Amino acid sequence: MRRELGKGEPVRELTPAAGLTGRPVVTLGGEAVGQVKDVVLDAVNGRIAGFTLAGRGLFSGPLRKSVPWAGVHALGTDAVMIPSEEVLEDKAAVTTGEEASGGLVRGARVLTDLGVQVGTVRDVIVEAGGEGAVVGVEMSSTEALGHHEATVFLALGSRPAMTGDTLMVPVRDTEDVAGDLTGLAAAVRRRRLGGDGGPGAVGEGRAL
Amino acid sequence: MAWWVWCVAVVAVVGLLAAVVLGVQARRRRGGVIVVRRGRRSGRGGAR
Amino acid sequence: MLLSQTVGRPVVSSADASRVGTVAGLVVDPEAGRITALRLEDTKVGGDVIAWEDVHAVGPDAVVVATAAAARFTAADSAGDQKLLGQRLLTELGASAGTLADITFDPASGLLDTLHTSRGDRIPGRLLLGCGSYAVVVRVAAAP
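Read on for a plain summary of the structure. Note that the structure is a prediction, hence the values are computed from the model and not measured. (Residues numbered from 1 in each chain as written. Chains lettered and ligands numbered in written order. Predicted model: local features only at pLDDT ≥ 70, side-chain atom pairs only at ≥ 80, totals over all residues. Heavy atoms only, no water.)

### What to know about the overall build of chain A
For step 1, the next point in the chain: Looking only at helices and strands, chain A has two helices and 15 strands in total.
For step 2, the next point in the chain: When burial is assessed residue by residue, chain A has 56% of its 208 residues classed as buried.
For step 3, the next point in the chain: By sequence separation, contacts in chain A at least 24 residues apart represent 54% of the contacts at least 6 residues apart.
For step 4, the next point in the chain: Summed over all atoms, the accessible surface of chain A reaches about 8,500 Å², with 51% contributed by carbon and sulfur. (Helix = DSSP H or I, 4+ residues; strand = E, 2+ residues; numbered from the N terminus. Buried < 20%, exposed > 50% of the residue type's maximum accessible area, 1.4 Å probe, protein only. Contact = heavy atoms within 4.5 Å. Areas by Shrake-Rupley, 256 points an atom, 1.4 Å probe, with all protein chains shown as cover.)

Pasting the structure below:
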């Protein structure tokens, strides 16, 4: 079994995943190989699997290449850095899992383990360094959280149960929502210091 | 028809085509955050 | 010596005092942090790049090269597309550091001394990682 992701580790810079799309992918040699098209999340391990690429020209479309997370040198605010073009793989290496449960994360419903929909996903928050872990979601809340269509941030456990259309969270996680990224970082930090790993344990060993 | 009408027509058609291609390609370049399920290769390193 | 002051300077052959061309830019080896060649323009002879070993002196009024033999010149495209001044600067962590405003180099050894950014920062030349067609990439000084 894999080790518990991020337990006790400091929280690195948090980045909204959707903000990564369109960011140039640059080698350490200073050549741009393209720009990020899709941010592909690995639902089983709760982290970024990699990126698919598109060309940077006005007339260019999607590329057949992808960057697996292992080939990412750094996820910067202005560029995604890769050591060299050699880390690029075929597009299929990143996008196909056992099953591309597919679809954009945006708009997926957030369900508690009691079956209450507490919101819809606006974006997924990832940790820019380390293992590229998915640490939280930005969502538009439902009445169940008290405010209708308020933007709230919800910290996720180390292995969030998610598919392309549903994200399941333990109901007690929804009691600790943050209003912004800073609040989310604090919540993630609390969770890691707490170290019980309980939150997010829903769906553990259960088929999605 | 006067010869320049044909020139205008050709330029218009070329411009329209270019605009359509630009629009289509811009849409194809646009992506999003997608979820796939994969469990085989876990424990891979990555950025620091 | 500042690169911006060197650009445009006449290049003169020490063999026959003939004017070979003017300095257009540098070709650098990022890993070694040194200049490998001078890029010329307005050349009378074949290529427009001259190897650094053939540069005799970089003076305040002219650059003197040891030879004007065409054999020592290579075509510019063999050196890749290296735009330096004004090029986008990125750290290896993917953060922008402005653009490359100027470079100071040691005219004797060809070692790059300092990179001057458009934001007024100075980056030691040894931190240079890569010079590509998209960006100049520098290492981050302190290990995180």
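So that's the structure; there's more coming.
### A closer look at the side chain of Thr22(C)
Residue and element names in this part refer to chain C.
For step 1, the next point in the chain: The topology assignment puts Thr22 in strand S2 (residues 19-29).
For step 2, the next point in the chain: A polar atom in the side chain of Thr22 sits 3.3 Å from the side chain of Asp42.
For step 3, the next point in the chain: Ignoring anything within four residues of it in the chain, the contact list for Thr22 reads Gly8, Arg9, Pro10, Val11, Arg39, Leu40, Glu41 and Asp42. (Polar contact = N/O pair within 3.5 Å; in protein donor to acceptor, adjacent residues only side chain to side chain.)

### Digging into the packing of aromatic side chains
Residue and element names in this part refer to chain C.
For step 1, the next point in the chain: As enumerated under the stated definition, the model contains two aromatic pairs over all chains in all.
For step 2, the next point in the chain: Between Trp52 and Phe105, the ring centres sit 6.4 Å apart and the planes meet at 85°, which makes this aromatic pair edge-to-face. Of the two residues, Trp52 is situated in the loop between strand S4 (49-51) and strand S5 (55-58) and Phe105 in strand S9 (residues 96-105); the sequence distance between them amounts to 53 residues. Take Trp52 and Phe105: they sit in the same class, and that class is buried.
For step 3, the next point in the chain: The ring centre of Tyr134 lies 4.0 Å from the NZ or CZ of Arg88, which sits over that ring. (Phe/Tyr/Trp six-rings, centres within 6.5 Å; stacked < 30°, edge-to-face > 60°. Lys NZ or Arg CZ within 6 Å of the ring centre and 35° of its normal.)

### Here's the deal with unusual backbone geometry
For step 1, the next point in the chain: Of note, the phi angle at Glu149(A) is positive, near 55°, even though the residue is not glycine.
For step 2, the next point in the chain: In this fold, Glu149(A) is placed in the loop between strand S11 (134-141) and strand S12 (151-155).
For step 3, the next point in the chain: A positive phi is found at Ala17(C), a non-glycine position, where the angle reads about 60°.
For step 4, the next point in the chain: On the accessibility criterion, Ala17(C) (61% relative accessible area) is exposed.

### Observations concerning the nonpolar core
For step 1, the next point in the chain: Val39(A), Leu41(A), Phe51(A), Leu75(A) and Val124(A) are the most contacted members of the largest nonpolar core, which totals 38 residues.
For step 2, the next point in the chain: Within the residue set of this core, elements represented by two or more residues are strand S3 (32-42), strand S4 (47-54), strand S7 (80-82), strand S10 (117-127), S11, S12 and strand S14 (166-169) of chain A together with strand S1 (33-36) of chain B.
For step 3, the next point in the chain: When residues of this core are assigned to domains, at least three map to each of domain 1 (14-95) and domain 2 (109-194) of chain A.
For step 4, the next point in the chain: Dropping the residues within four chain positions of it, Leu41(A) is found in contact with Arg47(A), Ile48(A), Ala49(A), Val105(A), Val124(A), Val126(A), Val134(A), Met162(A), Val33(B), Ile34(B), Val35(B) and Val36(B). (Core = buried A, V, L, I, M, F, W, Y, C linked by side-chain atoms within 4.5 Å. Domains from an automatic or database assignment.)

### Some details on the pattern of salt bridges
Residues and elements named next belong to chain A.
For step 1, the next point in the chain: Applying the stated criterion to the full structure yields five salt bridges over all chains.
For step 2, the next point in the chain: Salt-bridge contacts for Lys37 lead to Asp38; the nearest nitrogen and oxygen are separated by 3.1 Å. Each member of the pair, Lys37 together with Asp38, is buried.
For step 3, the next point in the chain: A salt bridge links Arg190 to Asp176; the shortest N-O distance between them is 3.1 Å. Of the two residues, Arg190 sits in helix H2 (residues 181-194) while Asp176 sits in the loop between S14 and strand S15 (177-178), which places them 14 residues apart along the sequence.
For step 4, the next point in the chain: In this structure Asp176 comes out as partly exposed when scored by relative accessible area, which is 33%. (Salt bridge = Lys/Arg side-chain N within 4 Å of Asp/Glu carboxyl O.)

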